[in-house]
Amino acid sequence: MKVSDILRVKGGTLFTVQTDEPLALAMTDMAEKDLGSLVVMAKGTLAGMLTFREVILQIVKNGGQAGASLVSDAMDAQPLTCTGETDIDDVRRMMLEHHARYMPVMEGNMLMGVISFYDVAKAVVDGQNFENKLLKAYIRDWPDGSAPVSEDVKL
């Protein structure tokens, strides 16, 4: 399964923020829309990612307040990215190694979407459930009418 398969199911809604926007305004957008991340754009290109992790770190730096911080003060300026052709297993490995919960999907310099660790986990589980159903149907419809049963395995 590829990242493009997840994006096709997920849809194309993207939530972005500009680097020079006040952090407090970005936090309000995240809270109102129940978003875990915003893609940070500057001059039409990806500048970084803003997640609640970065927001909390910036608030701690400011002594518990958003203050006059801008999005650029808090964002991850070098987020992990992938393409639509990246295999889900590779994305899962990268996200686990880097503790990333969100990953922008890029085609060249164009932002195609964002996938979350939840999206990846859901795709894996859905794929396993589908495969499980196919295997059960295959066993039920064994060509000679009797499913092979091992003495070790009881269905």
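Everything in this summary refers to the structure shown in the same document. (Residues numbered from 1 in each chain as written. Predicted model: local features only at pLDDT ≥ 70, side-chain atom pairs only at ≥ 80, totals over all residues. Heavy atoms only, no water.)

### Here we look at the pattern of salt bridges
Move 1: Using the criterion set out here, one finds six salt bridges in the structure.
Move 2: For Arg93, the salt bridge identified is with Asp90, shortest N-O distance 4.0 Å. Of this pair, Arg93 and Asp90 are both found in helix α5 (residues 88-98), three residues apart, which corresponds to roughly one turn of the helix.
Move 3: When the shortest N-O distance is used, the salt bridge between Glu97 and Arg93 registers 3.7 Å. Highlighted residues: Glu97 and Arg93, both in helix α5, separated by four residues, approximately one helical turn.
Move 4: Look at Arg93 and you get partly exposed, because its relative accessible area is 40%.
Move 5: Through salt bridges with shared partners, a single ionic network connects Asp90, Arg93 and Glu97. (Salt bridge = Lys/Arg side-chain N within 4 Å of Asp/Glu carboxyl O. Helix = DSSP H or I, 4+ residues; strand = E, 2+ residues; numbered from the N terminus. Buried < 20%, exposed > 50% of the residue type's maximum accessible area, 1.4 Å probe, protein only.)

### Remarks on the packing of α5 against helix α6 (residues 117-140)
Move 1: Packing of α5 against α6 brings their axes to within 10 Å, and their N-to-C directions diverge by 140 degrees. Viewed along their axes, α5 and α6 adopt a mutual orientation that is oblique. Both α5 and α6 take part in a crossing whose hand is left-handed. Where α5 abuts α6, its residues Ile88, Val91, Arg92, Met95 and Leu96 lie against Phe117, Val120 and Val124. (Axes fitted to C-alpha atoms, helices over the stretch in contact; angles between N-to-C directions. Parallel < 35°, antiparallel > 145°, perpendicular 65-115°, else oblique. Left-handed = near helix turned anticlockwise from the far one by under 90°. Contact = heavy atoms within 4.5 Å.)

### What to know about the packing of helix α2 (residues 23-32) against helix α3 (residues 52-61)
Move 1: At their nearest, the axes of α2 and α3 sit 11 Å apart, and the two run at 140 degrees to each other. One way to sum up the angle between α2 and α3 is to call them oblique. In this structure, the crossing between α2 and α3 has a hand that is left-handed. In this structure, α2 contributes Leu23, Met27 and Met30 to the contact, and α3 contributes Phe52, Val55, Gln58 and Ile59.

### What to know about the pairing of strand β5 (residues 110-116)
Two faces, one strand: in a regular strand the side chains alternate between the faces of the sheet.
Move 1: Across the seven residues that make up β5, a large majority, five, are buried.
Move 2: For strand β4 (residues 102-107) and β5, the ladder comprises six bridges, and the chain directions are antiparallel. Pairing of Glu107 across the sheet is with Met110, part of β5.
Move 3: Linking β4 to β5, which pair antiparallel, is a turn of two residues; within it Gly108 sits at a positive phi near 65 degrees. (Pairing = 2+ DSSP bridges.)

### Things to note about the sheet that holds strand β3 (residues 45-51)
Move 1: The mixed open sheet is built from three strands, whose spatial order is β1-β2-β3. Edge positions in the sheet fall to β1 (16-18) and β3, since each of these pairs with one other strand and no more. Along the sheet, successive strands turn relative to each other by an average axial angle of 35 degrees, direction set aside.
Move 2: Contacts between α2 and the sheet are confined to β1, β2 (37-42) and β3, with β3 contributing the most and set at about 70 degrees to the helix.

### Overview of unusual backbone geometry
Move 1: Of note in this structure, Asp34 is not a glycine but carries a positive phi near 55 degrees.
Move 2: Although it is not a glycine, Lys43 adopts a positive phi angle of roughly 55 degrees.
Move 3: Within the secondary structure, Lys43 sits in the loop between β2 and β3.

### Focus: helix α1 (residues 3-10)
Move 1: Taken as a whole, α1 has its buried residues at Val3, Ile6 and Leu7. Axial view of α1: buried residues confined to an arc of 95 degrees, hence all on one face. Across from the buried face of α1, at angles greater than 90 degrees, the exposed residues are Arg8 and Val9.
Move 2: Close packing links the buried residues of α1 with α5, β4, β5 and α6.
Move 3: Within two residues after α1, Gly11 carries a phi angle of roughly 100 degrees, on the positive side. (Arc of directions from axis to C-beta.)

That is the geometry; function is a separate question.
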